[in-house]
Amino acid sequence: MSDHRTHRLLRPETLTALGIAAAAFAFLYPTSTLRPISALLPAVMLVGLIILSLLLLIADQRKASAGEETEPMSKSPGRVAGAFLLILGYTLATDLIGFYPSTAITIPLVAWLFGYRNPLGLAVATLVVVGAIWLIFDYGMSQDFPAGRLWQE
């Protein structure tokens, strides 16, 4: 029997943590060009991602030093690919049709795909989330979200 061990830095969770931290750091720089009120939410979320990814990195490296074998990255790669496609689709939809319509479409779609099938519950959840975002950011803080290229003049 061969004792084939993955290098400590090539473990899936370690690579994931490093990738998330690097992406969050890369996206953190552009927030410095925004107005302070506009930069607050994205900057806090990105710093939170960096902290969580560092915690994941530390936990995985402790497991590696204890000699624990690594688990496969995903037992369902189709779901992982689907999640990335949903994120990509949401990003493109936000750019094309705007934040509110794409969010109103994505929330029930994601809930449906994860098994929640109650139409009334989907409608209420969508209205609550989109309405809360509108109340807090648009109405309360006077922050405009992307309107979408299709609606711009």
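In what follows, the structure referred to is the one given above.
Since this is a predicted model, take the numbers as computed values, not measurements.

Brief notes about the overall build of the protein chain
Phase 1 of the analysis: Each helix and strand in the protein chain was counted, giving 5 helices and 0 strands.
Phase 2 of the analysis: Element order for the protein chain, N to C, with α for helix and β for strand: α-α-α-α-α.
Phase 3 of the analysis: The C-alpha atoms of the protein chain give 20 Å as radius of gyration, which overshoots the globular expectation for 153 residues (15 Å, by more than 25%).
Phase 4 of the analysis: The principal-axis extents of the C-alpha atoms in the protein chain amount to approximately 65 × 40 × 25 Å.
Phase 5 of the analysis: Looking at the protein chain as a whole, 19% of its 153 residues are labelled buried.
Phase 6 of the analysis: Sequence-distant contacts in the protein chain: of pairs separated by 6 or more residues, those separated by 24 or more amount to 66%.
Phase 7 of the analysis: Split by element, the accessible area of the protein chain, about 11200 Å² in all, is 72% carbon and sulfur.
Phase 8 of the analysis: Computed over 10 positive and 10 negative side-chain charges, the inter-centroid distance for the protein chain is 6 Å.

Notes on the environment of Thr-14
Phase 1 of the analysis: Relative to the helices and strands, Thr-14 resides in helix H1 (residues 12–31).
Phase 2 of the analysis: Accessibility expressed as a relative area gives 0% for Thr-14, which makes it buried.
Phase 3 of the analysis: Look past the residues within four positions of Thr-14 in its chain and what remains in contact with it is Arg-8, Leu-9, Leu-57, Asp-60 and Gln-61.
Phase 4 of the analysis: Within the structure, the side chain of Thr-14 is placed 2.8 Å from the side chain of Gln-61, a separation counted as a polar contact.

Notes on the environment of Gly-98
Phase 1 of the analysis: Position of Gly-98 relative to the elements: it lies in the loop between helix H3 (77–97) and helix H4 (99–113).
Phase 2 of the analysis: Linking Gly-98 and Gly-67, residues 31 residues apart in sequence, is a C-alpha distance of 48 Å.
Phase 3 of the analysis: The residues contacting Gly-98, other than those within four sequence positions of it, are Ala-93, Pro-146, Ala-147 and Gly-148.

Quick word on unusual backbone geometry
Phase 1 of the analysis: Positive phi is not limited to glycine here, since Ser-142 has a value of about 55 degrees.
Phase 2 of the analysis: Ser-142 sits in the exposed class, given a relative accessible area of 55%.

Let's talk about H4
Phase 1 of the analysis: With 15 residues, H4 ought to run about 21 Å at 1.5 Å a step, and its terminal C-alpha atoms sit 21 Å apart, in line with that.
Phase 2 of the analysis: Among the residues of H4, those classed as buried are Phe-99, Ser-102, Thr-103 and Thr-106. Viewed along the axis of H4, the buried residues span an arc of 95 degrees, placing them on a single side of the element.
Phase 3 of the analysis: Residue Gly-115 follows H4 closely and has a positive phi angle near 105 degrees.

Parameters and conventions
- For every chain, the first residue of its written sequence is number 1, and the numbers climb from 1 along that sequence.
- It should be noted that, the model being predicted, local features are given only for residues of pLDDT at least 70 and side-chain atom pairs only at 80 or more, the latter also being counted only at that level, while totals for whole chains, interfaces and linings use all residues.
- By convention in this description, side-chain values take in all heavy atoms of the structure and omit both hydrogens and water.
- Counting from the N terminus, the helices are the DSSP runs of H or I reaching at least four residues and the strands are the DSSP runs of E reaching at least two.
- Just to be clear, the radius of gyration here is over C-alpha atoms, and the globule rule we use is 2.2 Å times residues to the power 0.38.
- Any residue under 20% of the maximum accessible area for its type is buried, any over 50% is exposed, and the rest in between are partly exposed; the area is computed with a 1.4 Å probe on protein chains only.
- Contacts were defined at the residue level, with two residues in contact if any of their heavy atoms lie within 4.5 Å.
- In these tables, accessible area is a Shrake-Rupley quantity obtained with a 1.4 Å probe, and a residue counts as shielded only by the protein chains included in the view.
- Only four residue types enter the tally: Lys and Arg on the positive side, Asp and Glu on the negative side; His and the chain ends are excluded.
- The location of each charge is read from NZ of Lys, CZ of Arg, CG of Asp or CD of Glu.
- N or O atoms closer than or at 3.5 Å make up a polar contact, with two conditions inside protein: a donor-capable atom paired with an acceptor-capable one, and, for residues adjacent in sequence, both atoms drawn from side chains.
- A helix is expected to span 1.5 Å for every residue after the first.
- Working definition: the arc comes from the directions between the helix axis and the C-beta atoms, pointing outward to the latter.

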